[in-house]
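# Close look at the chain arrangement
Each chain, written out:
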Amino acid sequence: MKKEIFELFQKRKEIEDESKGSYFIPEDYVNEEGKIDRKRKEDALYAKYDENKFKDGSSWEESQIKRAKNAIGGFTKLKPQDQIEKRKTEEKQYDYVFDNSQAIQFQLDSTKDEKQLNREQQILEEKVKEEEKRIKTIEQTRKSLPVYKKRTELMQMIKENQVMIIVGETGSGKTTQIPQYLYEDGYTQNGRYKIGCTQPRRVAATSVATRVSDEVGTKVGDTVGYTIRFDDKSSEKTEIKYMTDGMLLREFLTDFELSAYSVMMIDEAHERTLSTDVLLGLLKVIIKTRSDFKLLICSATMNAAKFSEFFEDAPIYNIPGRTYEVELYYTPQPEANYIHAAITTVFQIHLSQGPGDILVFLTGQEEIENMAENLAETSNKLGNKIKELLICPIYANLPSELQQRIFEPTPKNARKVVLATNIAETSLTIDGIVYVIDSGFVKENKFNPSTGMESLEIQPCSKASANQRAGRAGRVGPGKCFRLFTKTAFETEMPDNPTPEILRVNLNGVVLLLFSLGITDIWNFDYMDAPSSDNLAKSLSLLYSLGAFNENGGFTKIGRQMSEFPVDPMLSKCLLTSGEMNCCSEVLSIISMLQETSSLFYRSKEKQQQIQASREKFISKVGGDHLTYLNIWNEFVDSGYSRQWCHDNFVQFKTLNRVKNIRTQLERICVKQSLILENAQASNISRDKTILHVMKSIVSGYFWNVARLNRGGDSYKSLKKNQQVWIHPSSAMFKLKPPVKFLIYNELVLTSKEFMRNCMPISERWLSEYASHYYTDDE
Ligand code: ADP
Ligand code: MG
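Residues numbered from 1 in each chain as written. Chains lettered and ligands numbered in written order. Predicted model: local features only at pLDDT ≥ 70, side-chain atom pairs only at ≥ 80, totals over all residues. Heavy atoms only, no water.

## Let's talk about the sheet that holds strand 13 (residues 433–438)
The strands that make up a sheet are held in pairs by hydrogen bonds between backbone atoms, and each pair lies either parallel or antiparallel. Read across the sheet, 6 strands follow the order 9-16-13-10-12-11 without closing on themselves; strand pairing throughout is parallel. At either end of the open sheet lies a strand with only one pairing partner, and these are strand 9 (326–329) and strand 11 (388–394). Averaged over all adjacent pairs, the angle separating strand axes in this sheet is 20°, with direction ignored. (Pairing = 2+ DSSP bridges. Helix = DSSP H or I, 4+ residues; strand = E, 2+ residues; numbered from the N terminus. Axes fitted to C-alpha atoms, helices over the stretch in contact; angles between N-to-C directions.)

As structure tokens, this is what we get:
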């Protein structure tokens, strides 16, 4: 077979060479809008080739060429219908086209010398081998997935029902296959519509889009693309689009009917993220107004009945999956430090258990990075006394170029250890896992409407989550799950199910979005689980104090402007104020930096002192963390966005590059909204005054988060609710002497204490200036 494929490559190359310098009539491939239509251009190219090559007009040969074109699926994009046809008759056609006796005998270009030809042949042959291997493994994997056997039945049901709930074990192929089946069945009507698929997590959206692009044989952003906040890899050509649920929610702002889509698949619905829940309510309206629109709700095994009920008894389709037995192990006593326990368990498994990769569930990036470092150190020390351990972290903010590592097959004589957050519970399937180590914890965002406090808390996960996690060990064969908690804890301390996010987080962003969609009766919106009235009231009150509503409850221009920014309403308010104070550019930089503070500096035990010294160099004595970020950003800009500068200062170049990208995108919205973007210095305002304006802009959005120094001088009290809080050790203001009396913080994190992260000193006067309505009302 190889020789024939080789000839096809050869032919493709010839076709390309042949067309160089050829004359084409633009009408052949320029579409109505005047843009180049690649498909048409390709057709024109082939037509030209046929014309030149077969002047004798042999129709048999022409048809052979056409067939050959179709056989190289990776090169010529077929219409979905044609693809199914192709798939159905694939084997037969293949044999026919490559029947040696009938193959076209191409002549090699005789002007090239022998050596060059050999080299080219060698390169081509290598390419063929690679391509063959890739297609083979991809095809094999696709066909081995449980959903493959149910394709016809599933597609038939989708045809007959507008809404369907699809349930299947993780790894059965829901996310990667179903959108492709729909595409191949013509649901995009050749590019007129898109098929959308939402994911609760960024990593899942990007990684799945990468995988599916690979399967389809195109680049990410072509036929298959993704959109996540501040990163859009989709284009006009995109027909299968993966996106975070939050991004789809934002699409409603410009396209209330989702008219670009023929099918929307809400994936991982059981996660019940805030955005997914709101989407479900909005989609319920769309299915009533658009009879041509299909809605698929995909979920892991739990909760399906509830979705069906919400959508007026929509049918539930079960994809039967195969899972193997997983033995459960508990610890006899509670473990004081689950990270240490997890590290020990990894080595125990590595030294005493048979082959198979390990998946460890932790709660967040910091823990994962610490554990990765620790594992690497220990295994280095053990050297070649043990087999190699490949340590692969995966968490929400992991740069996408590192994400794919977790999917790479483990080499022989090595064992892979994946350190993951609950992202690996259901949204990502990693093949080859045989052992699971479960910390039993999860990090959750919590909002207390009575105090108005929001915090990230590490707490026991639910029984349903723990069981999902264990299930990851039983995909390839019988597995083992090591739970780092006691059986009693499992039975008595863990809730049955996770609490839907809508019941536990602040709803500021959502309320703002609903208002900008014209949904003002937020109390009676169709929620699957309605949030507490307290919580809704709190958001309304915050948005009112930010100026999003007027006294009569009407939505204001400020409210509408705020809703255009894909950031927290409090941050968008800062931007709006900065526009009025001629410091938009500075505030933009600070807000962009705030999106990426977790991996700003390198972490290295050996260079800890140097890194610390470098951090301190940037610290602003005037404005705490916010102005410190501004200093870092400004120096980076002055260096000409230099990699070397980052290296010298122990700052991560990649992080700052992401900041740059975020800043550009936010800046675009600022320009659209005509916020003044002149650099303050350029407009003759003194540096000190600018700083003052920057700080006041931040106060205008964050006056809810004010804390006052306690008498003892080591901790603070939140002004509104008298809750004791501490400055986070990572802050530029940590242990500042003397401590400032008032400060503002951006977030509260509960670890060993209630820590305030990203703090800025303020003057008490500013509160009455910017938030008099807030600090003088009820209390
Ligand atoms: P489900 O959505 O039902 O949990 P998926 O469609 O996500 O299942 O995954 C199906 C299979 O696709 C996985 O078992 C794995 O073999 C493969 N796969 C998914 N994502 C990737 C990826 N990023 N890289 C390599 N293989 C992947
Ligand atoms: Mg999935």
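Text resumes after the structure shown.
## Here's the deal with the pairing of strand 16 (residues 479–483)
Counting buried positions along strand 16 gives 4 out of 5 residues, so the element sits mostly inside the fold. Across 4 bridges, strand 9 lies against strand 16 in parallel orientation. What sits directly across from tyrosine 329, in strand 16, is phenylalanine 482. Of the strand pairs in this sheet, strand 13 and strand 16 are connected by 4 bridges, and their pairing is parallel. Within strand 16, the position partnered with valine 436 by the bridge is cysteine 481. (Buried < 20%, exposed > 50% of the residue type's maximum accessible area, 1.4 Å probe, protein only.)

## Structural notes on the pattern of salt bridges
Summed over all chains, the structure comprises 24 salt bridges. In this structure, lysine 284 engages aspartate 526 in a salt bridge whose closest nitrogen and oxygen atoms are separated by 3.0 Å. Separated by 242 residues along the polypeptide, lysine 284 in helix 12 (residues 274–289) and aspartate 526 in the loop between helix 20 (508–516) and helix 21 (533–545) bring together distant segments of the chain. Assessed through its relative accessible area of 33%, aspartate 526 is described here as partly exposed. The closest approach of N and O atoms between aspartate 292 and arginine 290, which form a salt bridge, is 3.3 Å. Classification of aspartate 292 as partly exposed rests on a relative accessible area of 41%. Arginine 290 gets classed as buried once you look at its relative accessible area, which sits at 6%. Linked by salt bridges that have partners in common, Arg142, Arg151, Glu184, Asp185, Arg211 and Glu215 make up one network. (Salt bridge = Lys/Arg side-chain N within 4 Å of Asp/Glu carboxyl O.)

## With respect to helix 11 (residues 245–254)
Residues of helix 11 that are buried: Asp245, Met247, Leu248, Leu249, Glu251 and Phe252. Packing partners of the buried residues in helix 11 comprise strand 2 (194–199), strand 3 (224–228), strand 5 (240–244), strand 6 (261–266), helix 12 and helix 20. (Contact = heavy atoms within 4.5 Å.)

## Side note on the side chain of serine 275
Inspection of the secondary structure assignment puts serine 275 in helix 12. Those residues in contact with serine 275 that sit more than four places away from it in its chain are Asp245, Gly246 and Leu249.

## Considerations on the site of ligand 1
Taken together, 17 residues sit near ligand 1, with Gly171, Lys174, Thr175, Thr176 and Asp431 positioned nearest. Arginine 475 places a side-chain nitrogen or oxygen 3.2 Å from an oxygen atom of ligand 1. Burial of ligand 1 by the protein chains amounts to 94% of its free accessible area of 560 Å². Elements represented by at least two residues in the shell around ligand 1 include exactly helix 9 (174–184) and helix 10 (202–216). The element best represented in the shell around ligand 1 is helix 9, accounting for 3 residues. Grouping the constituent residues of the shell around ligand 1 by class yields 2 nonpolar, 10 polar and 5 charged. (Near = heavy atom within 4 Å. Polar contact = N/O pair within 3.5 Å; in protein donor to acceptor, adjacent residues only side chain to side chain. Areas by Shrake-Rupley, 256 points an atom, 1.4 Å probe, with all protein chains shown as cover. Nonpolar A, V, L, I, M, F, W, Y, C, P; charged D, E, K, R; others polar.)

## Digging into the packing of aromatic side chains
Summed over all chains, the structure comprises 17 aromatic pairs. Ring centres of phenylalanine 515 and phenylalanine 549 lie 4.4 Å apart, and the angle between their planes is 50°; this geometry places the pair in the tilted category. Of this pair, phenylalanine 515 sits in helix 20 while phenylalanine 549 sits in the loop between helix 21 and helix 22 (557–564), and the two are 34 residues apart along the sequence. A residue is classified by how much of its surface remains accessible, and phenylalanine 515, at 7% relative accessible area, is buried. One aromatic cluster in this structure is built from Phe601, Phe618, Trp633, Phe636, Tyr641, Trp645 and Phe653. Seen from the ring of phenylalanine 310, lysine 284 lies directly overhead, with NZ or CZ sitting 4.0 Å from the centre. Its end group placed over the ring of tyrosine 641, lysine 660 keeps NZ or CZ at 4.1 Å from the ring centre. (Phe/Tyr/Trp six-rings, centres within 6.5 Å; stacked < 30°, edge-to-face > 60°. Lys NZ or Arg CZ within 6 Å of the ring centre and 35° of its normal.)

## Here's the deal with the nonpolar core
Where a protein is soluble and globular, its nonpolar side chains tend to be buried together. By size, the foremost hydrophobic cluster in this structure holds 106 residues, and its most contacted members are Ile266, Leu295 and Leu656. Counting 45 residues, the second-largest nonpolar core is a separate cluster that includes Val203, Val346, Ala424 and Ile437. (Core = buried A, V, L, I, M, F, W, Y, C linked by side-chain atoms within 4.5 Å.)

## Considerations on the confidence of the model for the protein
Chain-level statistics for the protein give a pLDDT mean of 83 and a share of 82% at 70 or above. Residue range residues 16–30 is modelled with pLDDT below 50. Its contacts to residues more than four positions away, or to other chains, number 22 contacts. With pLDDT under 50 throughout, residues 86–110 is counted as low confidence; its partners more than four residues away or in other chains account for 34 contacts. Model confidence for the complex: the whole-complex pTM is 0.77, and ipTM, which rates the interface, is 0.98. (pLDDT = per-residue confidence, 0-100.)

## Examining the sheet that holds strand 7 (residues 294–299)
As summarised here, the arrangement of the 8 strands in space is 4-3-5-2-6-7-1-8, forming an open sheet in which the pairing is mixed. One side of each edge strand has no neighbouring strand; the edge strands of this open sheet are strand 4 (231–233) and strand 8 (316–319). Strand-to-strand twist in this sheet, taken as the mean axis angle between neighbours without regard to direction, amounts to 20°. Both strand 3 and strand 5 contribute to a ladder of 4 bridges, which runs parallel. Within strand 5, the residue paired with tyrosine 226 across the bridge is tyrosine 242.

## Points about the environment of glutamate 160
When you line up the elements, glutamate 160 lands in helix 8 (residues 151–160). Within the structure, glutamate 160 has its side chain in polar contact with the side chain of glutamine 156 (distance 2.8 Å).

## Here we look at unusual backbone geometry
That bond from lysine 737 to proline 738 is cis: its omega, -10°, falls within 30 degrees of zero. When you line up the elements, proline 738 lands in the loop between strand 19 (724–727) and strand 20 (742–750). Positive phi is not limited to glycine here, since aspartate 313 has a value of about 60°. Taking the relative accessible area as the measure of exposure, aspartate 313 reaches 62% and is therefore exposed. With a phi close to 60°, asparagine 758 is a non-glycine residue in the positive phi region. Relative to the elements of secondary structure, asparagine 758 occurs in strand 21 (residues 754–761).

## Section: the environment of threonine 244
Along the chain, threonine 244 turns up in strand 5. Judged by relative accessible area, threonine 244 falls into the buried class, the value being 8%. Along the primary structure threonine 244 and serine 275 are separated by 31 residues, whereas in three dimensions their C-alpha atoms are 8.9 Å apart.

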